[in-house]
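# Observations on the model geometry
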Amino acid sequence: MRTGLKAAIAISSLIVVVVVGLLVLQRRDQADQPTDASTDAVLERVALADDLPVLFEPDGEHGARPSQSFAALLETCDRVGPVLTGGAEEERAEASAELAETLADSLSMGAYKDGFIDERIDASGVFADPLRRQFRQLSIALETHTTRLIGEGRAEEARVFAGSGFELGRRVFVQNVRLRGRQRGLGLMRAGLGQWLQVTHAMRDAGTLTEAEAQAVADDVRRWEEAIAAIESAWNTKLQTISSAKPNVADLVRVAELDGDRSFRVFATHQLGFARYERGEPANQALLADAISRARESDDPLIRAAGEAAAAMTREQFHTRER
């Protein structure tokens, strides 16, 4: 009797272990389901409003240098960059003036060709060197030169360069697709707006602008700042979903395939490569493989390239590549 009871208990325990094991395995093989992080509302494209005020229009009348291309601008960054960070004070001032003038000249040619930043970023979609370094040098030059001109009582001249920084950022944001590049454009616009306010206050203090005129400029700047903040907020919310250490695969795939913003579709497609090493569940691996396969057959060349990069990503790249 006692032996039979022990056997029954052992069998019952074994059954419980087997059932629990099957439930665990079944749960492990369940694919992620979409959450509120990828609803249709979240996936709507967020853009700058068409009725934002025009702050700055390059006119090509600020200096004597001939107009230069964007490529020439980057070449100037490379040439004077070391002086900006390591030269004597007067050398830094001269280098800043040259680079700021070169930017203003370049902008005076009119709109850059679409994708002028995209073509300099690889399929990873990351805003990597040398662009990061060159844009940092541009930011240093604009701040240095603008501040110097204001200090010398030349605020009206400084206005050109504050506007140039803003305009460069606007073009980077509007005329490109790569997400990290466009984020840098937002940063350039924000910095330019700060310098624009500095110039406005200096012109008001010098009597060049009335209080009412200065307030009108400040109101325009505020509208731009609010528009930029709205985009950054929406983007950051989405990035928390697709760039987390353990993303929800269903949400990630929805962004990659359904987002209203092409920038996010391209970026999320590349993130599928990281997710291959972050989510090892068989069902999620199948979701990722299917999404990557579809991306590699896309008619969109940027999505197709991102799909190829996701498929080819190695474990070493997973650990070392910037996202």
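Residues numbered from 1 in each chain as written. Predicted model: local features only at pLDDT ≥ 70, side-chain atom pairs only at ≥ 80, totals over all residues. Heavy atoms only, no water.

### Some details on the overall build of the protein chain
Where we set the bar: Secondary structure elements follow DSSP: runs of H or I no shorter than four residues count as helices, runs of E no shorter than two count as strands, and numbering proceeds from the N terminus. Contacts: residue pairs with any heavy atoms within 4.5 Å of one another. The Shrake-Rupley method, run with a 1.4 Å probe sphere, supplies the accessible areas, and residue values consider only the shown protein chains as cover.
Helix and strand counts for the protein chain stand at twelve helices and zero strands. Traced from its N-terminal end to its C-terminal end, the protein chain shows the element sequence α-α-α-α-α-α-α-α-α-α-α-α. Restricting to contacts in the protein chain with at least 6 residues of sequence separation, those with at least 24 account for 76%. When the accessible surface of the protein chain is split by element, carbon and sulfur atoms take 51% of a total near 16400 Å².

### A closer look at the packing of aromatic side chains
Going by this rule: Note on aromatic contacts: the rings of Phe and Tyr and the six-membered ring of Trp form a pair at centre separations within 6.5 Å, being stacked when their planes are under 30 degrees apart, edge-to-face when over 60 apart, and tilted otherwise. Only when the NZ of Lys or the CZ of Arg is both within 6 Å of the ring centre and within 35 degrees of the ring normal is a charge said to sit over the ring.
Per the counting criterion, the structure on display carries nine aromatic pairs. With centroids separated by 6.2 Å and ring planes inclined at 75 degrees, the aromatic side chains of Phe-56 and Trp-196 adopt a geometry described as edge-to-face. A residue pair is termed long-range when its members are at least 10 positions apart, and Phe-56 in the loop between helix H1 (2–28) and helix H2 (70–86) and Trp-196 in helix H6 (residues 179–205) qualify at 140 residues. Measuring from ring centre to ring centre gives 5.4 Å for Tyr-277 and Phe-318, while their planes differ by 35 degrees; the resulting arrangement is tilted. Remark: Phe-318 occurs in helix H12 (residues 315–320) and Tyr-277 occurs in helix H9 (residues 262–278); sequence separation between them is 41 residues. Here the aromatic cluster, defined as three or more aromatic residues joined through ring pairs, consists of Phe-70, Tyr-112 and Phe-116. When the ring centre of Phe-173 is taken as reference, the NZ or CZ atom of Arg-182 above it lies at 4.2 Å. Between Lys-238 and the ring centre of Phe-264, over which it is positioned, the NZ or CZ distance is 4.5 Å.

### A look at the confidence of the model for the protein chain
Under the convention used in this document: By definition, pLDDT measures how confident the predictor is in each residue, and it falls between 0 and 100.
On average, residues of the protein chain score 89 in pLDDT, and 88% of them reach the 70 mark or higher. Across residues 16–27 the pLDDT falls below 50, and counting only partners more than four positions away or on other chains, this stretch makes zero contacts in the model. Between residues 62–67, whose pLDDT stays under 50, and residues either more than four places distant or in other chains, the model counts twelve contacts.

### Observations regarding the pattern of salt bridges
To keep it simple, the criterion reads: Throughout this description, the term salt bridge denotes a Lys or Arg side-chain nitrogen within 4 Å of a carboxyl oxygen of Asp or Glu.
Applying the stated rule across the entire model yields 22 salt bridges. In this structure, Glu-98 and Arg-79 form a salt bridge, with 2.4 Å as the shortest nitrogen-oxygen distance. Here Glu-98 is found in helix H3 (residues 89–107), whereas its partner Arg-79 is found in helix H2, with 19 residues between them in sequence. Notably, a salt bridge pairs Arg-190 with Glu-232, separated by 2.6 Å at the nearest N-O pair. Of this pair, Arg-190 sits in helix H6 while Glu-232 sits in helix H7 (residues 211–242), and the two are 42 residues apart along the sequence.

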